[in-house]
Each structure stands twice: as C-alpha cells, then as structure tokens.
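Residues per chain, in single letters:
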Amino acid sequence: MEGLGRAALAEDAVRYRLFAAAGAGGEALLRRCAEAIVVRLAPLLSTYIWQRQPFRLRCVPARGDTPAHIGGTTLFGDNVEDEWFIVYLVREITREFPGLAARVDDNDGEFLLIEAADFLPKWLNPENSDNRVFFYKGELHIIPLSETDEQECDLSAASPTILQALTLLSSRSEEFLAAEPIRAAVYKRISGYPEKIQASFHRAHCYLPSGIVAVLRQRPSLVAPAVQAFYLRDPVDLRACRSFQTFPPDERVMTVVTFTKCLYAQLVQQKFVPDRRSGYTLPLPSHPQYKAYELGMKLAHGFEILCSKCSKVSPDSKRNVLSGPLWERFLSSLKEKHYFKGEMEGSAKYLELLHKAEDYFRQSVTKPESSVEANPGGEILTLLQTTTIDLKEFEREAACLPPEDDDSWLEITPDDLDQMLKEARNESPSSSNEEDQKYDLEAVAESMKAFVSKVSTHEGAEMPWSSDESHITFDVDSFAKALDRILGADSEELDSDDLDEEQEFDFSDEDDEDLDAENQREDEKVLPNELIGSLKSYMNEMDRELAQTNVGKSFTTQKKGASSVSAATSQSAGLDSGAEETELMLVNVDMNLVANLLESYSAQSGLAGPTSNILQSMGVYLPENADCTGSNKGATE
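Note that the coordinates shown come from a computational prediction; the quantities given were computed from them, not determined experimentally.

Analysis parameters
Residues numbered from 1 in each chain as written. Predicted model: local features only at pLDDT ≥ 70, side-chain atom pairs only at ≥ 80, totals over all residues. Heavy atoms only, no water. Helix = DSSP H or I, 4+ residues; strand = E, 2+ residues; numbered from the N terminus. Buried < 20%, exposed > 50% of the residue type's maximum accessible area, 1.4 Å probe, protein only. Contact = heavy atoms within 4.5 Å. Areas by Shrake-Rupley, 256 points an atom, 1.4 Å probe, with all protein chains shown as cover. Core = buried A, V, L, I, M, F, W, Y, C linked by side-chain atoms within 4.5 Å. Domains from an automatic or database assignment. Patch = residues over 30% accessible without salt bridge, like charges linked within 9 Å, V, L, I, M, F, W, Y side chains within 5 Å. Salt bridge = Lys/Arg side-chain N within 4 Å of Asp/Glu carboxyl O. Pairing = 2+ DSSP bridges. Axes fitted to C-alpha atoms, helices over the stretch in contact; angles between N-to-C directions. pLDDT = per-residue confidence, 0-100. Arc of directions from axis to C-beta. Phe/Tyr/Trp six-rings, centres within 6.5 Å; stacked < 30°, edge-to-face > 60°. Lys NZ or Arg CZ within 6 Å of the ring centre and 35° of its normal. Disulfide = S-S within 2.5 Å.

**Section: the overall build of the protein chain**
Argument step 1. Counting secondary structure elements, the protein chain contains 27 helices and 10 strands.
Argument step 2. In the protein chain, which comprises 637 residues, the share counted as buried stands at 40%.
Argument step 3. When contacts within the protein chain are restricted to residue pairs at least 6 apart in sequence, those whose partners lie at least 24 apart make up 79%.
Argument step 4. Of the roughly 35900 Å² that the protein chain leaves accessible, carbon and sulfur atoms contribute 51%.

**Some points on the nonpolar core**
Argument step 1. Membership of the largest hydrophobic core comes to 105 residues, with the highest contact counts inside it found for F55, F85, F259, L299, F303 and F330.
Argument step 2. Sorting elements by how many residues they give to this core places helix α2 (residues 27–45) first, with 10 residues.
Argument step 3. Taken together, domain 1 (13–148 + 157–190) and domain 2 (201–321 + 366–411) each give at least three residues to this core, which thus spans both.
Argument step 4. Once residues within four sequence positions are removed from consideration, F259 is found in contact with S200, F201, H202, A204, C206, V223, V227, Y264, L267 and L299.
Argument step 5. Counting 11 residues, the second largest nonpolar core, distinct from the first, contains A21, A101, I143 and L169.

**Structural notes on a nonpolar patch on the surface**
Argument step 1. Together, I412, L417, M420 and L421 make up a nonpolar patch on the protein surface, roughly 370 Å² of accessible area in all.
Argument step 2. The exposure class assigned to L417 is partly exposed, which follows from its relative accessible area of 42%.

**A short note on the environment of L597**
Argument step 1. Mapped onto the elements, L597 comes out in helix α25 (residues 589–603).
Argument step 2. Look at L597 and you get buried, because its relative accessible area is 11%.
Argument step 3. Spatially, the C-alpha atom of L597 lies 9.5 Å from that of L615, the residues being 18 residues apart in sequence.

**Notes on the sheet that holds strand β5 (residues 133–136)**
Argument step 1. Within the open sheet, the 6 strands sit side by side as β2-β3-β1-β4-β5-β6. Their pairing is antiparallel. Sheet topology places β2 (58–60) and β6 (139–142) at the edges, where each strand pairs with a single neighbour. Across this sheet, the average inter-strand angle for adjacent strands is 30°, counted without regard to direction.
Argument step 2. Across 3 bridges, β2 lies against strand β3 (residues 69–75) in antiparallel orientation. If you follow V60 over to β3, its bridge partner there is H69.
Argument step 3. In the packing of α2 onto the sheet, contacts are made with β1 (13–20), β2, β3 and β4 (100–106), and the angle to β3 comes to roughly 45°.

**A look at the confidence of the model for the protein chain**
Argument step 1. Taken as a whole, the protein chain shows an average pLDDT of 77; of its residues, 69% reach a score of 70 or greater.
Argument step 2. Per-residue pLDDT stays below 50 along residues 147–156; that stretch engages in 9 contacts with residues further than four places along the chain or on separate chains.

**Side note on the environment of I182**
Argument step 1. Among the structural elements, I182 can be located in helix α7 (residues 180–189).
Argument step 2. Residue I182 is classed as buried on the basis of its relative accessible area, which comes to 2%.
Argument step 3. With 70 residues separating them along the chain, I182 and L112 place their C-alpha atoms 9.1 Å apart.
Argument step 4. Not counting residues up to four positions away in its chain, the partners in contact with I182 are A116, F119, L120, P121, L140 and I142.

**So, helix α6 (residues 162–172)**
Argument step 1. The set of residues buried in α6 consists of I162, A165, L166 and L169. One side of α6 carries all its buried residues, which in axial view fall inside an arc of 100°.

**Side note on the pairing of β6**
Argument step 1. As defined by bridge partners, β5 adjoins β6 across 4 bridges and the pair is classed as antiparallel. Counterpart to V133 in the pairing with β6 is I142.
Argument step 2. The turn joining β5 and β6, which pair antiparallel and follow one another in sequence, is formed by 2 residues; a positive phi near 55° is taken by K137.

**A word on the pattern of salt bridges**
Argument step 1. Scanning the model with the defined rule gives 18 salt bridges in all.
Argument step 2. As a salt-bridge pair, E393 and R396 come within 2.5 Å of each other at their nearest N and O atoms. Linking E393 with R396, this pair stays in helix α18 (residues 391–398), spanning 3 residues, or about one helical turn.
Argument step 3. For E393, a relative accessible area of 29% corresponds to the partly exposed category.

**Quick word on the packing of aromatic side chains**
Argument step 1. On inspection of all chains with the given rule, the structure shows 16 aromatic pairs.
Argument step 2. Considering the side-chain rings of Y339 and F340, the 5.1 Å spacing of their centres and the 80° angle between planes classify their relative orientation as edge-to-face. Per residue, the accessibility class of Y339 equals that of F340, and both read buried.
Argument step 3. One aromatic cluster is present, formed by Y48, W50, F85, Y88 and Y193 through successive ring pairs.
Argument step 4. One residue, R103, lies across the ring of F134, its end atom 5.7 Å from the ring centre.
Argument step 5. Over the ring of W409 we find K261, and its NZ or CZ is 5.3 Å from the ring centre.

**Considerations on the state of the cysteines**
Argument step 1. Enumeration according to the criterion identifies 0 disulfides in this entry.
Argument step 2. Lacking any disulfide linkage, C59 is separated from the closest cysteine sulfur, that of C33, by 9.0 Å.
Argument step 3. On the basis of relative accessibility, which here comes to 31%, the residue C59 falls in the partly exposed class.

Below you can see the structure in the form of structure tokens.
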C-alpha cells in the first residue's frame, strides 16, 4: 500500500501526514487540530511565498491500513527549500501538539533517511523503511526491527503498519529516538528557520503596469505563478502577449517586488526579446535602470499569460470565500493570538496584515475546488475589478523607493564553491587555508589499504570511516582447511609443470578411504606451517620469473637492503644464490600506491574523478593539482 502511494507522488512533490499518536483520533478531533494548526502557523506563513503550491492541511478519512489523519501534498517545483521548510513546519507541529505523530516522504521515499545516509544502521534499507520514520514530540524517531528479526539480520522483514507504529510510539517512544548523528544530519538541514525565511527573499526594482502593482499589493504571492508562467511559456502563450489586453504598457511605474531567490534567478536568467507589437520597449543595456525595465517586462508577460488562460470571474467569488463561519472563527483566533500587533482597525498596517491573512486563508484553509491556487488568472482579474488603482500614489511612492537587494549571490566563484563544499563536509573555517594543512601521504596509503580490506557486495563497498568495526583476524588453521577443500584431494589435478616438488602440494584428505597404509597417510598430512612455506616458495619462484620481464620496471623498489633480501629469498627457495646474478628488489607497496593515486588525481585537472571521490569518502582531502604534482615528484624521487 505504501509503495503504491509513493509511486503516485509527482517528482517534485512532498507528502505530509499527521496522525493521532494513540491511533484512535476521530475526524472531529483531527479537524479541530487542523484549525488550531492553521491559526498557529498564520504569522509564519502569511508572508511566505511558495514556488508552486502552499502548505495545506486536509482531513483525510481512514482507508485500508491507514487511519484517519490530517495532511496534504505540496508541489515545490524547482525550489527544494520549500520541501525542507515543510519538514521544519511538521516538526514544529509535533512539538506544539504532542498528541500528533507525523510522517513526511516524497517520490524518493524516506528522503529524511537519505539526508542521514552516512549514519544509518545496516539493517535499514528502502525495502523495510516504510512506516518506520516519524516526527513525534518534536524529535525524529525510527521504529527498529523486532529483536528476532534483528538477530537474524532479516533485511527483508516486512514493515509495520501505521497503526502498529503509532501504538509503539505512544507507549515506548523513548526507545525509538533516532541516533544522535541521524537527528543532527536532519536538523542541520532545517536549521535557521524561521529567520531563514527572510533570507530567502530578494527585493528588486521593477517597472510594471499600475494594475500589476495594485494586484501585488493585495496578493504578493501571485508573483510566483506569474514567474512560472513566463518561465514555462510556449508559443501559444506568447500570442496573448502581442496585444496585452489586460496589462498594456501605457501606465507603468517603478516599484519594489519581493521574490524568492529561486523565482528571481528564474526570471533574471531568462533571455527574452518582447514582440514589437506588444508596446514593451527596453532602454539600452547601459541605462542605469535597464534591469528594472527588463524584469518588469518579463513579469508583465507572466501576468498577461495567466489572465489569458481564464475567463472573466465574478467579483463575488472572493467575497464568498471570505464570508462564512470558518473565516469568522479564523479571524477571531488571529485577534486572540495578537496577530494584528495592536494596530488600530482600518489603519494601513492593519489592512496590510489583513490582506496577508486573507491570502493565507484562501491558500491554506479553503477546499481545493474553491481555491484560486488552481486558477491564479481568475484571482488576478477579480482583484483588478475590486481594487482601486491610484496611479498618482504609486508615482509618489516610486520617488522614494528603498534600495534593492544585491544580487551578487547569483555569481559563484570557484573559491565560493570550495567554501560551500567545505561547509557541507563540516570543516572548520581554519581548515580552508591550505598553507596550514599537512597532507600525510602515509595516511593516504593506510586509508586505501583499509578501503580494500572492507567488505563489498552488489550494493557497493563499505567505506572505512566507522570506528566501531572489529579488526580483521587471520586463522592459519582455518585458512589451510579452506585451501585444502578448494584444491581437492587428488594431487593429479595439479599442474606438475608449475611445481618443482609435487609432493609438497599433495593435499589429500587424511580420511581418504583409498589410502589404507598408515605411512601413506602420514606422508600426505601437511601441517599449516609447511603449507605456508610451500606457498611462499611457489610465490618466490613466480617473482624470479617475473624479474626477467619488464613488469618490475614500472614499480618503485626498495634500494636499501636489497642484497640481504635477495639472499634470504634465495635461501628460502632452496636455490643457489651464487648461480643467480639477478637480485630481487622488494616493491615498495606504499610508495607505488601513493604515486599512482597522485598521478591519477593530477590527471583529473581539478574535476571530480575516481581518486578524489574515493579518498574524500574516506575523509582524505588532497591539495590542488600544483601541490599534488610536486608531492608526486617528491614521492617518486
């Protein structure tokens, strides 16, 4: 059931559901909770500008294994910050309403676990993670496998139902609190709210028709669908922009428009030349207000496209939404919560807050079929019919506009990108100075050895970052027995050409029924130490054969003590050292490993590649290519 529900989600949609923790919340109780949540979040959401759809709670009746709950689905489009802001809202709701437990997911599934992927327990995977991740009392909880399943490492164990998970949370929530690293990774992603809301805005000067200025005064959030309409325009949409029936360019004024940074980037980065028949002309690019003219022209096209897609709307539609017991209760609750901050009723500040509350109410409280979110063009036309446009007042305000925000954040230098990556890796600011960093080449070699020693499966290799892994041990007896089983009991299966003494590799089983003499069984028994010695002899013979080729020239060898090593090797192989003039040089494994890694890293030319990816996953960061080249040269000397 959960898998089917997840597949139905759009690619850029997030789903949130809030359940009664006891699992037995009636619809009437959930509806009262929903109304209380809307009032509680009104000061926070009344000024927020959503990319596509707002955060909206609905009462959902029980269906199948899913109990009744309140929740919704929000399309966040290109602005993924909307998704994480919703995560913050859901967490705060469970903190303010401790009787609720919440789940959040998207088309990727448990994206909260993806954020904390480096710290998850091994038993947790996409197949068994459904209905295990909850926000409860403001904290992240993970329902573990049962003790039996965990002991048996049954990674395909079925996920619990939501009712089972809610029962466990309500009775033993302290046992299911997610590990501190997991919670820290998720909480870091949503840190900074609600102050982060203002930081996400960008205020810019725009030269707009007076009608659009009046509409944005009433509903600032309409800037989002207008930008989207322009950003996703097609040739059919632009037909309506040849004549501009709704927003002609005759009466334009300079004003300040509040965008989100995502909306502003989408608008300013679009290259567009208006149709000459539209009447929208631009000054020369050297004009000091060229950007304001260009932004206003693009935004006007977006508003015109929205209005061209809908028919005339009755002025009573807006009034019907804001007249009823639900709106009255909502407005009364706002007054009780001091939303209007003591402003006198009818004052300019009071009316500004009231307009924001109306906007928020229409988006978050009304039913989807009556919501103007699905038809922003109709809302624009309604506002034009019910709003007084005072051109003289707009012109007076244009004479003393506040300065617009700096948009230098659009340009990211390589140094800025490096700093962002270091912050994402939780590096301290002091580590940003490469001159103070010490790159230990021995650490590079040891890290790569640890990586090779780890277990790899069809799901990938384990990175050696965990400190709780047990050390690798080597049991000689077990190794000998395993090798005996692999090679088999019949010595005739071995290639005699590769052996100097065949009897040294006769690994017959001592219990072989074909051997009936005690002396034969004793001769064929091979002790572990003798077996290892035979293998060493075999490997030494292979080294001598390879020494006659050019293979060894590609490796860095140890020059000191080479003669003694050669003598020892010859003695262990049972060969006359005087008869062999070629000395075997031991390969310096660490030196060759580091040299090859640095050579590969230098070949990446500063781009991502296999060497940097593997080393960074193990916590090893190499310097720039120039330093890397110097280190490589020094290492091979």
